[in-house]
Amino acid sequence: MIVLGIHDGHNASAALFVEGRLAAAVCEERLSRCKNEYGFPARAIRQCLLLAGIETEQIDRVAMATRHLPPKYFLVKRNANFTKEDYWREQTEYWYPRIYERKNPSYLEIFKDKVDEAGFDYDRSLIADEDDVEGMQKARVRKTASFLALSEARIRVYDHHCCHAHYAACTGPETDRTFLVFTADGAGDGANGTIQKAVPGKPMVEMVRTAKCNIGRMYRYATLLLGMKQNEHEYKVMGLAPYAKPEYCQDAYRVYADTLQVEGVDFDYRFQPQDHFFYFKERLACARFDAVAYAVQKRTEELLCRWVENGISKYGIRNVRLSGGVALNVKANQKIWEMAEVQNLFVGPGPGDESLSIGAGYAAMMEAAAELNRPLENMHGIEHAYLGRAYTDGEIKRAIDTTPIASPCRIQKAGETDLVELLLQGEVVARFAGPMEFGPRALGNRSILADPRRPETVRTINEMIKLRDFWMPFAPSILADNEKDYIVNPKRIDARFMTVSFDSTAKAREELRCGLHPYDATMRPQIVTADANPAYHRLLRRFKNRTGIGGLLNTSFNLHGEPIVESPKDALSTFDRSGLRHLFMGGWLLSKTS
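Below is a summary of the structure that appears in this document. Everything numeric in this text was worked out from a predicted model, so none of it was measured. (Residues numbered from 1 in each chain as written. Predicted model: local features only at pLDDT ≥ 70, side-chain atom pairs only at ≥ 80, totals over all residues. Heavy atoms only, no water.)

For the rest of this paragraph, the subject is the sheet that holds strand S21 (residues 582-585). In sheet architecture, strand pairing relies on hydrogen bonds along the backbone and comes in two forms, parallel and antiparallel. One open sheet accounts for eight strands, arranged S13-S22-S21-S14-S15-S20-S16-S19; its pairing is mixed. Only two strands of the sheet have a single neighbouring strand rather than two, namely strand S13 (409-413) and strand S19 (526-528). Across this sheet, the average inter-strand angle for adjacent strands is 30°, counted without regard to direction. Both strand S15 (residues 446-450) and strand S20 (residues 551-556) contribute to a ladder of four bridges, which runs antiparallel. Its bridge partner being in S20, isoleucine 448 is matched across the sheet by threonine 555. (Pairing = 2+ DSSP bridges. Helix = DSSP H or I, 4+ residues; strand = E, 2+ residues; numbered from the N terminus. Axes fitted to C-alpha atoms, helices over the stretch in contact; angles between N-to-C directions.)

With that settled, the discussion passes to the packing of helix H11 (residues 250-257) against helix H13 (residues 289-315). Contact pair H11 / H13: the axes reach a minimum separation of 8 Å and the direction vectors enclose 40°. In this view, H11 runs oblique relative to H13, as classed from their interaxial angle. Pair H11 / H13 crosses with right-handed handedness. For the pair H11 and H13, the contacting residues are Gln250, Ala252, Tyr253, Tyr256 and Ala257 in the first and Ala291, Val292, Tyr294, Ala295, Val296, Lys298, Arg299 and Glu302 in the second. Partitioned by chemical class, the residues of the contact of H11 with H13 number nine nonpolar, one polar and three charged. (Parallel < 35°, antiparallel > 145°, perpendicular 65-115°, else oblique. Left-handed = near helix turned anticlockwise from the far one by under 90°. Contact = heavy atoms within 4.5 Å. Nonpolar A, V, L, I, M, F, W, Y, C, P; charged D, E, K, R; others polar.)

This part takes up the pattern of salt bridges. Considering all chains together, one arrives at 48 salt bridges under this definition. A salt bridge links arginine 78 to glutamate 90, with the nearest nitrogen and oxygen atoms 2.8 Å apart. Of this pair, arginine 78 sits in helix H4 (residues 78-81) while glutamate 90 sits in helix H5 (residues 84-100), and the two are twelve residues apart along the sequence. On the accessibility criterion, arginine 78 (8% relative accessible area) is buried. When its relative accessible area of 1% is taken as the criterion, glutamate 90 is described as buried. Residues arginine 283 and glutamate 282 are paired through a salt bridge, measuring 3.7 Å at the closest nitrogen-oxygen approach. The class of arginine 283 is partly exposed, set by a relative accessible area of 40%. Look at glutamate 282 and you get exposed, because its relative accessible area is 60%. One network of salt bridges, with partners in common, ties together Arg61, Arg156, Glu367 and Glu371. (Salt bridge = Lys/Arg side-chain N within 4 Å of Asp/Glu carboxyl O. Buried < 20%, exposed > 50% of the residue type's maximum accessible area, 1.4 Å probe, protein only.)

Following this line, the structure appears as structure tokens:
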């Protein structure tokens, strides 16, 4: 069976399954070069089909994620096009009149400067108004059928949280166990939290569905109140939180603690605010920025831990998997796996909406197996996250020869030994190699690398290359053989994808200090195995042979606010526009001479 998974909301993506195995998965933003891309992922679909060598007529089923997406978000491409000023305007001009003044303003009238009528390639006769999610679903299905030249009968649309849960349950290792899957996000198909039971060989069972798990909503509005972009910069709030002194944050903490509560396996309020933006804006007006970050992060950790604890207690299952946008909070994930009640935790690469296409594909395969009365044994989890395109040395060389670079450069043949030499000299090097990673984390193939012992490299990357906020931590890539040397992981939590954080050992604080959080010395590591990425593992091994250190500082190869690079041309453009001095790709080393 060949199944195409599609997510056409924010962080749009496509995934292709061939005989139960995930053959390709690509985020549309990598190809469109528009971060958090919203809408039909035509480029990603084409690339998945190309990578798997599949023609559209071979597709047996198309699985689309999320039933209810409003037309207005497609017309403005909300998450892709909105600035933080637009999100603030959304609150003051749209939500405030609706909630507090009982008015019914037109979203598209407010954001008429954002509307892209020409880009809205859907059958408008099916859509009644800007909020018609049912009509929009019909239009989405019709567009998909037309694009693929397939019958609409082959296309099915799956619930948002069903897709999140299937992604969590089906991508990880040890699929022979029973798992308790928790999904949590801002909102999707009328819910923002579920608990689902995954039993090997059986369809998933939804145990809890709630619209009161407003953790993601509180967090995104805290992000906006702190002057950052909601739905994108939440990780900055998480990175800022450890710097705060708890004794100075209690007033801000109580503002959050007095509202949302865990009640059994659901949520409720001690005091329910009328909304989740203006309520907190008023009560946190005099709070320090770091106190707000601390308060919302601490309350997030408390709520999630209590919810998971109660779920384990009620259902008697101690193996846990997480998905949804809230699962991107690596510090909360650490608090969860550290709980005595939790036996094991898995969070897959890109657990936010970018992976809904993969979850939809798994859901479709499970549904097909039930309909055809077939066993589920032929469904496979993922062995790695390198699910995108790899470019040949010839394609890379042609890009080098044909792409103009403003800075004078020396171009020479080079190998891994040359890259290691540069790292030993304290240089920062971009590496473009092999298949592109799936999800928001670079895992070595589209990465910027540095010696993790040199503090000066942090300033170089922050100021000259990525324009990052000074308080944000970097992350390390660590050889699997050195995992125990550097991370405190008594439960052997899967740490391949930078989706969970850990305390560091004394050895890590000495040898990998630039890959740790500067204040609390935690890390979100990528554990690298030879099976998953032979070339990157070999590079780490060469660095270890020269230094005795089994890790490197690894950050994504992109400029701030842009997607991670996908192609050689993307890599060359980012190299040219940044303070990067060295780019290693396809056996070639480009070094700026000025």
